[in-house]
Amino acid sequence: MLTSLSDQSLAALDAPVTVDRDTSVVREREKVERESLSDQTVWMLAVRDNRDRVAFGRLFDYFAPRLKGVICRSGMSPSQAEDVVQDVMLTVWRKAAMFDPERAQVSAWIFQIARNRQIDVIRKERRPVPEELKLPEETQEDAAQVLALDQETQKLRAALRRLKPAQREMVEKAYLGELTHSDIRDQTGLPLGTIKSRIRLGLERLRHELKEQGLT
Amino acid sequence: MTGVRHHIPDPLLVAYVSGSLPQAYSLVVATHLSMCDDCRARATAHEAVGGSILESCGTADLSGGLRQRVFDMLDEPVIETPRYERSGIFPAPVMEALGGLPPKWKSLGMGVRQSILSHDEGGSVRLLYIPGGQAVPDHGHNGLELTLVLQGAFRDETGRFGVGDLEVADDDLEHTPVAEDGVACICLAATDAALRFRSLVPRLLQPIFRI
Ligand SMILES: [Zn+2]
């Protein structure tokens, strides 16, 4: 339960209250799980659940310079890139309720918001996006699932770091949309295979997740 | 949706996730993702790669006022963009392309109809209506053609395509899709250049029909 991850309940954790053994075991486990989450996930949950401006400031300081970096790579002027960064970070604040840490890691969620915004600006029409999944109103988040996805993403990042520089460059270009159409159609050079096992792991988890929620 | 057998190939999915896929194809991909949890999960995994790259790709200095400007805007009222919902056989992305209205069909003869959703230099995307048992007019195309079945089914030289199935055809493929008997086959089709229907409409008329 992610509600137990908020600062409020953390404070409760430290408070000298008498609890029965089972509850204290559960709380101990939840505390460990929260401490293992990445900073970004913790900040994003604080923004989502508590509208925490300090946490939003941390997200801003972490993501805004990175967003500007990748957006500038696509050839946008620095000032236009900053307009996009501004819109993206405002969307993060406003649509925080849509953030689902069981399905997407913070960076993946923000990446997608940035892509959508960038395309809207460049093409001057809305980018087609898939129908939103209808989730049950009161889903209790499974902290173990959130943690598993978080850790899977950290492993993915480590796998990306281990790529040879040339491969790494190809992957960056592919995912930042810097390949030409013929590159896309003839993607023999893209080392998708080397990261495929990671993607597959994430995929299995997500598919399992979709099944669990009765969406398939 | 269960039973989908023809999915989005990875390069196409990466192109969509990265934002480099032209609008017409993006609509077909987004529509398939709305119908296929399998591909949705794969797209999400690709987004995780994108997110990892965002985190590890380096930073650019921000101009001094940006942070404060964003904070000043946090409490501003939000203008909601209109949202579309699935209607009948049309998933939300198609309804959005239709502006929330039913398709305006134009006859191409022999019971075949089309409704063009968008058409620009980046490509065109249309709904096609083919009566059961009827062949889609023989056509060639200058590049990639994506065809997604929304209702009914068709068969061609490469196999059978039912609801949710996506056919990816490049310019080498000369195919003659035939709608299965029974309910009409309705497809969402994107091409990167004008389709050239050979037998149905004389070439001279193509600019008029915009096909
Ligand atoms: Zn699929």
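Throughout what follows, the structure given in this document is the object of discussion. (Residues numbered from 1 in each chain as written. Chains lettered and ligands numbered in written order. Predicted model: local features only at pLDDT ≥ 70, side-chain atom pairs only at ≥ 80, totals over all residues. Heavy atoms only, no water.)

1. Brief notes about the pairing of strand β5 (residues 145-151) of chain B
All names here are of chain B.
- The element β5 is largely enclosed, with a buried count of six among its seven residues.
- In this structure, β5 lies alongside strand β8 (residues 166-169), joined through four bridges in antiparallel fashion. By the bridge assignment for β8, Glu145 is matched with Ala169.
- In this structure, β5 lies alongside strand β10 (residues 185-191), joined through six bridges in antiparallel fashion. (Buried < 20%, exposed > 50% of the residue type's maximum accessible area, 1.4 Å probe, protein only. Helix = DSSP H or I, 4+ residues; strand = E, 2+ residues; numbered from the N terminus. Pairing = 2+ DSSP bridges.)

2. What about the side chain of Ser38(A)?
All names here are of chain A.
- As for its placement among the helices and strands, Ser38 is situated in the loop between α2 (21-36) and α3 (39-50).
- Looking at Ser38, its side chain comes within polar contact range of the side chain of Gln105, at 3.4 Å.
- Not counting chain neighbours up to four residues away, the residues in contact with Ser38 comprise Gln105, Asp150 and Gln154. (Polar contact = N/O pair within 3.5 Å; in protein donor to acceptor, adjacent residues only side chain to side chain. Contact = heavy atoms within 4.5 Å.)

3. Some details on the side chain of Glu47(B)
- Relative to the assigned elements, Glu47(B) resides in helix α3 (residues 37-56).
- One buried charged residue, Glu47(B), remains without a salt bridge, the closest side chain of opposite sign being Arg127(A) at 6.7 Å.
- Apart from the residues within four sequence positions on either side, Glu47(B) is in contact with Ala108(A), Phe111(A), Gln112(A) and Val17(B). (Lys, Arg positive; Asp, Glu negative; His and termini not counted. Salt bridge = Lys/Arg side-chain N within 4 Å of Asp/Glu carboxyl O.)

4. Quick notes on the pairing of strand β1 (residues 106-109) of chain B
Residues and elements named next belong to chain B.
- Alignment of β1 against strand β2 (residues 112-120), held across three bridges, turns out to be antiparallel. Directly across from Lys106, in β2, lies its bridge partner Gln114.
- In sequence, β1 turns back onto β2 through a hairpin of two residues, with Met110 there showing a positive phi of about 55 degrees.

5. Observations concerning the coordination of the zinc ion
- Coordination sphere of the zinc ion, protein contribution only: His7(B) (ND1), His32(B) (NE2), Cys36(B) (SG) and Cys39(B) (SG), at 2.1 to 2.4 Å.
- Every donor counted, the four donor atoms about the zinc ion form angles of 95 to 128 degrees at the centre, which fits tetrahedral coordination. (Donors = N, O, S within 2.8 Å, 3.2 Å for Na, K, Ca; no water. Tetrahedral: all angles 85-135°; square planar, octahedral: opposite > 155°, others 65-115°.)

6. A few points about the interface of chain A and chain B
- On the chain B side, the residues contacting the 69 residues of chain A number 62 residues.
- The junction of chain A with chain B conceals about 6,200 Å² of combined surface from both sides, 60% of it contributed by carbon and sulfur atoms.
- Interface area lost by chain A to chain B is led by Pro128(A), Glu131(A) and Tyr175(A), which between them contribute 11%.
- Counting across the chain A and chain B interface gives seven salt bridges.
- For the salt bridge of Arg83(B) with Glu132(A), the shortest nitrogen-to-oxygen distance reads 2.7 Å.
- For the pair chain A and chain B, the interface holds 27 residue pairs in polar contact (both at pLDDT 80 or more).
- At the level of secondary structure, the elements contributing two or more residues to the side of chain A that touches chain B comprise α4 (53-73), α5 (78-94), α6 (106-123), α7 (143-161), α8 (165-175), α9 (181-185) and α10 (192-212) of chain A. (Buried area = accessible area lost by both parts, 1.4 Å probe.)

7. Overview of unusual backbone geometry
- The backbone phi angle of Arg51(A) is positive, close to 50 degrees, even though this residue is not glycine.
- Its relative accessible area of 37% is what places Arg51(A) among the partly exposed residues.
- Backbone geometry at Met110(B) places phi at a positive 55 degrees, although glycine is not the residue there.
- Note that Met110(B) resides in the loop between β1 and β2.

8. Notes on the sheet that holds β1(B)
All names here are of chain B.
- An order of β1-β2-β3-β10-β5-β8 is seen for the six strands of this open sheet, with the pairing classed as antiparallel. Both edges of this open sheet fall to β1 and β8, since each of them pairs with a single strand only. Strand-to-strand twist in this sheet, taken as the mean axis angle between neighbours without regard to direction, amounts to 25 degrees.
- Seen against the sheet, helix α2 (residues 23-35) touches β2, β3 (123-130), β5, β8 and β10 and runs at an angle of roughly 40 degrees to β5. (Axes fitted to C-alpha atoms, helices over the stretch in contact; angles between N-to-C directions.)

9. What to know about the sheet that holds strand β6 (residues 154-156) of chain B
- The three strands are arranged β7-β6-β9 (chain B) in an open sheet whose pairing can be described as antiparallel. Of all strands in the sheet, those bounded by a partner on one side alone are β7 (159-161) and β9 (178-179) of chain B.

10. Some remarks on the environment of Arg103(A)
- Along the polypeptide, Arg103(A) turns up in the loop between α5 and α6.
- In this structure, the C-alpha to C-alpha distance between Arg103(A) and Arg58(A), residues 45 residues apart in sequence, is 22 Å.

In short, geometric facts, not functional conclusions.
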